[in-house]
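What follows is the residue order along each chain.
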Amino acid sequence: SITSSMISLEGKSFNITKSLPVSEEKILLSKILTSNIISIPVILLCDIVFFIKFKTIMLDVIFILLASIIIPTFTAMIGLLINLKYPKMNAMNDTEVVKQSMSSMVSVFLGIGIFFLSIFGIQFFSKFIDFPILLFLHLIIMSICAVLSYLVLMHWGAKEYRSITV
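Let me sum up the structure you'll find in this document. (Residues numbered from 1 in each chain as written. Predicted model: local features only at pLDDT ≥ 70, side-chain atom pairs only at ≥ 80, totals over all residues. Heavy atoms only, no water.)

### Looking at the pattern of salt bridges
Okay, step 1: The full count for this structure, using the stated rule, is three salt bridges.
Okay, step 2: Between Glu-24 and Arg-162 there is a salt bridge, with the nearest N and O atoms lying 3.3 Å from each other. Residue Glu-24 is found in helix H3 (residues 24-54), and its partner Arg-162 is found in helix H7 (residues 131-163); the two are separated by 138 residues along the sequence.
Okay, step 3: By relative accessible area, Glu-24 is classed as buried at 18%.
Okay, step 4: By relative accessible area, Arg-162 is classed as partly exposed at 42%.
Okay, step 5: Measuring nitrogen to oxygen at the nearest pair gives 3.2 Å for the salt bridge that ties Lys-88 to Glu-96. (Salt bridge = Lys/Arg side-chain N within 4 Å of Asp/Glu carboxyl O. Helix = DSSP H or I, 4+ residues; strand = E, 2+ residues; numbered from the N terminus. Buried < 20%, exposed > 50% of the residue type's maximum accessible area, 1.4 Å probe, protein only.)

Have a look at this one:
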């Protein structure tokens with residue numbers, strides 16, 4: 001997630017963004033939208049190629065398109081929350097922030113954990129539940145997680161953003 005280092009990348013100029021007449025919530029939302037503008041078009045382009053190549057049915061197209069929007073948004077919010085928890089504001093350069101910070105490491109491992117949990121959960125429950133229903137339930141769970149992380153980001157994240165000092 002590129003948001004796992006967005007706050008830390010501001011570094012010494014972080015206080016400038018805090019002094020702007022913009023709410024913390026809007027600043028955090030802009031970072032999520034930036035991540036989505038970068039990632040979702042590429043994902044949707046790959047989805048179209050996938051649909052054409054494998055001639056997918058309409059139900060699968062809907063599930064894939066929904067997942068292509070929900071999951072990157074969820075991971076962007078999680079990355080931002082992690083970066084708010086573990087900011088590295090005194091790094092010597094940007095490479096240190098992106099490759100050697102606690103927030104980048106936690107974000108990568110959390111993303112891997114969510115991926116494996118999703119795969120193993122779908123694999124386990126596919127014995128008991130029809131696959132389309134299972135995918136629908138997975139999307140609902142991911143949506144709920146995204147909404148919850150949004151609420152945490154807007155409440156706790158805004159407070160944490162205010163409390164960061166350089």
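### Details of the nonpolar core
Okay, step 1: Counting 24 residues, the largest nonpolar core has Ile-7, Leu-28, Leu-84, Leu-153 and Tyr-161 as the members making the most contacts within it.
Okay, step 2: The set of elements that each furnish at least two residues to this core consists of H3, helix H4 (58-85) and H7.
Okay, step 3: The element contributing the most residues to this core is H4, with 11 residues.
Okay, step 4: For Leu-153, the residues in contact, after removing those within four places along its chain, are Leu-28, Ile-32, Met-77, Leu-80, Leu-81, Leu-84 and Ala-158. (Core = buried A, V, L, I, M, F, W, Y, C linked by side-chain atoms within 4.5 Å. Contact = heavy atoms within 4.5 Å.)

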